[in-house]
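Tertiary structure, described
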Amino acid sequence: MSQMLEIRHLRLVRAIAEEGGPTRAAARLHLTQSAVSHQLAELEGRLGVVLFTRVRRQLKLTPAGARLLDAARTMLVDLARIERDLQYAGSRRHEVFRIAVECFTTYYWLPPVLSALAKDHPHVDVRIVLEARREPVAALLRGEIELAVVSSPVRDRALVVEPLFEDEWTVIVSPSHPLAARPYVTAIELGQEKLLTHDAPRSDVERLRELIASERAPMPLAARIPLTDALVDLVKAGLGVGLVSRWAVAPDIARGEVAARRLTREGLPEQWAAVYRRDAAARFPLARFVELLRAPSSLITPSRARRRRSR
């Protein structure tokens, strides 16, 4: 027994119903009007039912036609999805999308970003390159990563810079530390502590040195801790104070595991941005990734963290 319904019939019924008649349906299907009318008559003959009736120069669906239209829409959507999935599986290999955050090993924000990205770009495999955190811009230019989240200035014309959010340097201490009772930490007070830091970019180091020199404060004894979680754990244990970007430890601050205080009365603001190579924008979903980074459910900026705690 030959099959009565074909994919072309489903597209035909949908086009006639949505366009209101064979003339516009013909243009949509790239057929002549007579071909559309002929195919409709052939389909109704195969099925033995009338699918459309003419009302005031327009074709209206009969109950049988409405039922077929509902089925056509569902099946055509399913078919398009299957074709897309097969195309990805058959003709597109998985592409590795490498990322890094300058200085920090903070990726608490990554799971919701990856979940949303996978819906539109299932062929993209996102990987973290911790080795690139010390010099992410140089790693971008060498092609070792595809995207970096940075706070240091970027001026290379080969790179696209997408501003993400404003942040500030913050001193984190154990909740029982004497500095936790202070509204802010001065350069002189910082100089009296054991300072736990990351491998900061040169611009940040120079900025800190200028601040300490301007206050005529002693240079703190510094210890470099490459892992953010390890730095926070040492601070919690009272083994030093940390100097970090606030957003990088926002979950720890929100949970009350460490206390955060501004460095100086005015604070030291900084601007974070997503950076990628201009010539890589066509290969990877960079714009979509940046859009997801800016979503409220992603990076916990200082203002967002305050709003969440106040609820």
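Named according to an unreviewed UniProt entry, the protein is LysR family transcriptional regulator originating from Sorangium atrum. Quoted straight from UniProt, the Sequence similarities (unreviewed entry) entry for the protein says "Belongs to the LysR transcriptional regulatory family."

**A closer look at the nonpolar core**
Judged by nonpolar contacts, the single largest core of 52 residues is most densely connected at Phe97, Ile99, Trp109, Leu147, Ile172 and Phe289. Excluding its chain neighbours within four sequence positions, the residues that come into contact with Phe97 are Val124, Asp125, Val126, Arg127, Glu146, Leu147, Phe284, Leu286 and Phe289. Grouped together as the second largest cluster of nonpolar side chains are 18 residues, Trp169, Val173, Leu243 and Leu268 included.

**Side note on the side chain of Ser174**
Within the fold, Ser174 resides in the loop between strand S6 (159-173) and strand S7 (184-185). On the basis of relative accessibility, which here comes to 7%, the residue Ser174 falls in the buried class. Discounting chain neighbours no more than four positions away, the residues touching Ser174 are Ala180, Val235, Lys236 and Gly238.

**Brief notes about the pairing of S6**
Across the 15 residues that make up S6, a large majority, 11, are buried. Relative to strand S12 (residues 269-277), S6 is paired through nine bridges, and the arrangement is antiparallel. By the bridge assignment, Val160 is partnered in S12 with Tyr276. The pairing of S6 with strand S10 (residues 241-245) spans four bridges and is classified as antiparallel. Bridge pairing links Thr170 to Val244 in S10. With four bridges connecting them, S6 and strand S11 (residues 259-263) associate as antiparallel partners. Bridge pairing in S11 links Val173 to Ala259.

Definitions and cut-offs
- Residues numbered from 1 in each chain as written.
- Predicted model: local features only at pLDDT ≥ 70, side-chain atom pairs only at ≥ 80, totals over all residues.
- Heavy atoms only, no water.
- UniProt positions renumbered as here; feature names shortened; annotations may be inferred.
- Core = buried A, V, L, I, M, F, W, Y, C linked by side-chain atoms within 4.5 Å.
- Buried < 20%, exposed > 50% of the residue type's maximum accessible area, 1.4 Å probe, protein only.
- Contact = heavy atoms within 4.5 Å.
- Helix = DSSP H or I, 4+ residues; strand = E, 2+ residues; numbered from the N terminus.
- Pairing = 2+ DSSP bridges.

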